[in-house]
Each structure stands twice: as C-alpha cells, then as structure tokens.
Amino acid sequence: MIEIVDSKFVTSAANIEGAPDTHEQNEVVFMARSNVGKSSLLNALSNHKGLAKVSSTPGKTRLINYFDVTFIDREDAQKSFAKFVDLPGFGYAKVSKSIKSDWEKNLTDYISQRKQIKLFIHLIDCRHPYLEIDKSVTDFLLQHADETQHVLQIFTKIDKLNQKEQNALKKEFPQAVMVSSSKKKGLQKVVTIIHDILKGAFDE
C-alpha cells in the first residue's frame, strides 16, 4: 500500500521565473477551474487539513504554490519524494481582463516550459463534465505534454451523483478517476497512480 506520510508548504511564485530551482525533482501539477475542489483534494490526499488553503472566493488565489511530499511503499518501507504544484484556478469571471490575461500567460508559460513536471492532474467537477473550458485545457495539455509527461483526469465531488450517473460518467471517461474528498472515495487510487508514474520517472 502506498501512502503520503509527510507534506509541507515550500514557497509561492507569481510566475515561472519565481519557481524553485529543482531540476532533479519531479513535479505533479494540480489544475482546475475555480471552485472544483482542488484544495480539498490536496488536503485529503496528504491527510493535512491545512496544507492548501480552501478559499470561498473563486479566483482569489493567483500564485503557484509548492509543497514537498513524501510517499512510502508499506511493502518495502521505501520512501520517495516529489513536489505537488497547486496552480491558480482558471475560468474565473470576476477579475479584470488585464489580470486574467497576465495570469493565463503565466500558466501557459509554466505548463509549456517547466520540464520537471511529470504529471498533470486536471480536476473536473463531475456535475459539469462537458464544459468548453475543460475541453480546451485537456486539448492544451495533450498538445504540450512531452513523452516523459502524463495527463490524468480526475472527476471531483463524485458523491453528488447517484450510482447510475456515476456509471454513465465512467463509461464516457474510462481513463479518468472518480473521487470524493469529503467521503474519502478514490483517494488511495490517486495516491497509487501518482506514486507509480513518478516511480517510473525515478527509475529512468
């Protein structure tokens, strides 16, 4: 069984120029529209309620936040390390066009230039699976990810759907993972997937 046994905030940056200079460390990027539950998922995965701040104001956070994370494989007690990167939410409506433009450019630069990223995790609200902005983000990631980078779709708040709706969503998106941070559903699967992808990168 894979677990996250330690996690801590490292720093924040406004753009790629301010990102930590850690070329050797693999990064896992979490990205989502505002109010999809990204901070709640980060806290649930790390068993650390205060790791990522949950804001009641969508679009409030405009910084890239970095966290050091330690995994352990309980079978052999082997530890591995990574950085979780919490990108600002996109799809916000109540910010000025100039701020929005700068913000989106910073995110685009980061995604396309930060080569130590090994996994992009794109969170989608399970109740709104077909929004154009999420489709655009998925297309962007698939276009810009290189052969060493992976893209994982995670549908959040799955407890809000009944079983029939969940089954239909799984059929439509068979590669995606369904989670509920509040109900602790799907979290172990996410941790294992992240660890296994990074382990492949560590072993290269």
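For the structure itself, consult the block above.
A quick note: this is a predicted structure, and the numbers were derived from the prediction, not measured. (Residues numbered from 1 in each chain as written. Predicted model: local features only at pLDDT ≥ 70, side-chain atom pairs only at ≥ 80, totals over all residues. Heavy atoms only, no water.)

1. Points about the overall build of the protein
Thought 1: For the protein, the count of helices and strands is five helices and seven strands.
Thought 2: Element order for the protein, N to C, with α for helix and β for strand: β-β-α-β-β-α-β-α-β-α-β-α.
Thought 3: Within the protein, the proportion of its 204 residues that are buried is 49%.
Thought 4: The contacts in the protein between residues at least 6 apart in sequence include a share of 71% that link residues at least 24 apart.
Thought 5: A total accessible area of about 10,800 Å² is found for the protein, and carbon and sulfur atoms account for 50% of it. (Helix = DSSP H or I, 4+ residues; strand = E, 2+ residues; numbered from the N terminus. Buried < 20%, exposed > 50% of the residue type's maximum accessible area, 1.4 Å probe, protein only. Contact = heavy atoms within 4.5 Å. Areas by Shrake-Rupley, 256 points an atom, 1.4 Å probe, with all protein chains shown as cover.)

2. Here we look at the packing of aromatic side chains
Thought 1: According to the stated counting rule, one finds five aromatic pairs in the structure shown.
Thought 2: Between phenylalanine 9 and phenylalanine 67, the ring centres sit 5.8 Å apart and the planes meet at 65°, which makes this aromatic pair edge-to-face. Of this pair, phenylalanine 9 sits in strand 1 (residues 2–13) while phenylalanine 67 sits in strand 3 (residues 64–73), and the two are 58 residues apart along the sequence.
Thought 3: Taken together through their ring pairs, the aromatic side chains of Phe30, Phe71 and Phe84 make up a single cluster. (Phe/Tyr/Trp six-rings, centres within 6.5 Å; stacked < 30°, edge-to-face > 60°.)

3. Comments concerning helix 3 (residues 132–144)
Thought 1: Its 13 residues place the ends of helix 3 18 Å apart at the C-alpha level, agreeing with the 18 Å of an ideal helix rising 1.5 Å per residue.
Thought 2: For helix 3, the full list of buried residues reads Asp134, Val137, Thr138 and Leu141. Summarising the axial view, the buried residues of helix 3 lie within an arc of 100°, below the 170-degree limit, and thus occupy one face. In helix 3, the exposed positions angled more than 90 degrees off the buried face are occupied by Glu132 and Gln143. (Expected span 1.5 Å × (residues − 1). Arc of directions from axis to C-beta.)

4. Considerations on the side chain of serine 46
Thought 1: Position of serine 46 relative to the elements: it lies in helix 1 (residues 38–46).
Thought 2: Serine 46 sits in the buried class, given a relative accessible area of 6%.
Thought 3: Only 2.8 Å separates the side chain of serine 46 from the backbone oxygen of leucine 42, close enough to count as a polar contact.
Thought 4: Side-chain polar atoms of serine 46 contact the backbone oxygen of asparagine 43, separated by 3.3 Å. (Polar contact = N/O pair within 3.5 Å; in protein donor to acceptor, adjacent residues only side chain to side chain.)

5. A word on the environment of valine 28
Thought 1: Tracing the backbone shows valine 28 in strand 2 (residues 27–32).
Thought 2: A residue is classified by how much of its surface remains accessible, and valine 28, at 0% relative accessible area, is buried.
Thought 3: When the C-alpha positions of valine 28 and isoleucine 121 are compared, they lie 7.2 Å apart, and in sequence the two are 93 residues distant.
Thought 4: Once residues lying within four places of it in the same chain are set aside, the contact partners of valine 28 are Lys83, Phe84, Val85, Leu119, Ile121, Ile194 and Leu198.

6. Let's talk about the layout of surface pockets
Thought 1: In this structure, the second largest pocket occupies an estimated 260 Å³ of space.
Thought 2: With three residues, the top contributor of residues to the lining of the second largest pocket is helix 1.
Thought 3: Among the residues making up the lining of the second largest pocket, the classes are represented as two nonpolar, nine polar and five charged. (1 Å grid on protein atoms, 1.4 Å probe; cavity = no way out; pocket = protein on both sides within 12 Å on 5 of 7 lines; lining within 4 Å. Points joined across faces, edges and corners; volume = space filled by probe spheres on them. Nonpolar A, V, L, I, M, F, W, Y, C, P; charged D, E, K, R; others polar.)

7. Structural notes on the side chain of threonine 156
Thought 1: Positionally, threonine 156 belongs in strand 6 (residues 150–156).
Thought 2: Of the residues examined, threonine 156 reaches a relative accessible area of 4% and is grouped as buried.
Thought 3: Of note is the side chain of threonine 156, whose polar atom sits 2.8 Å from the backbone oxygen of valine 36.
Thought 4: With residues up to four places along the chain from it excluded, the contact list for threonine 156 reads Val36, Leu123, Ile124, Asp125, Cys126 and Val179.

8. A word on the pattern of salt bridges
Thought 1: The final tally for this structure, using the stated rule, is seven salt bridges.
Thought 2: Put simply, arginine 74 and glutamate 3 hold a salt bridge, and the shortest N to O gap is 2.9 Å. Of this pair, arginine 74 sits in the loop between strand 3 and strand 4 (78–86) while glutamate 3 sits in strand 1; the two residues are 71 residues apart in sequence, bridging distant segments of the chain.
Thought 3: Salt-bridge contacts for aspartate 125 lead to arginine 127; the nearest nitrogen and oxygen are separated by 2.9 Å. (Salt bridge = Lys/Arg side-chain N within 4 Å of Asp/Glu carboxyl O.)

9. Brief notes about the sheet that holds strand 1
Backbone hydrogen bonds hold the strands of a sheet together, and the pairing may be parallel or antiparallel.
Thought 1: Ordered by their spatial adjacency, seven strands build an open sheet running 1-3-4-2-5-6-7, and the pairing between neighbours is mixed. A strand with exactly one partner marks an edge of an open sheet, and here the two such strands are strand 1 and strand 7 (177–178).
Thought 2: Bridge analysis of strand 6 against strand 7 gives two bridges, and the strand direction is parallel. Paired with isoleucine 154 across the bridge in strand 7 is valine 177.
Thought 3: Against the sheet, helix 3 engages strand 2, strand 5 (117–125) and strand 6, with an angle of about 165° to strand 5. (Pairing = 2+ DSSP bridges. Axes fitted to C-alpha atoms, helices over the stretch in contact; angles between N-to-C directions.)

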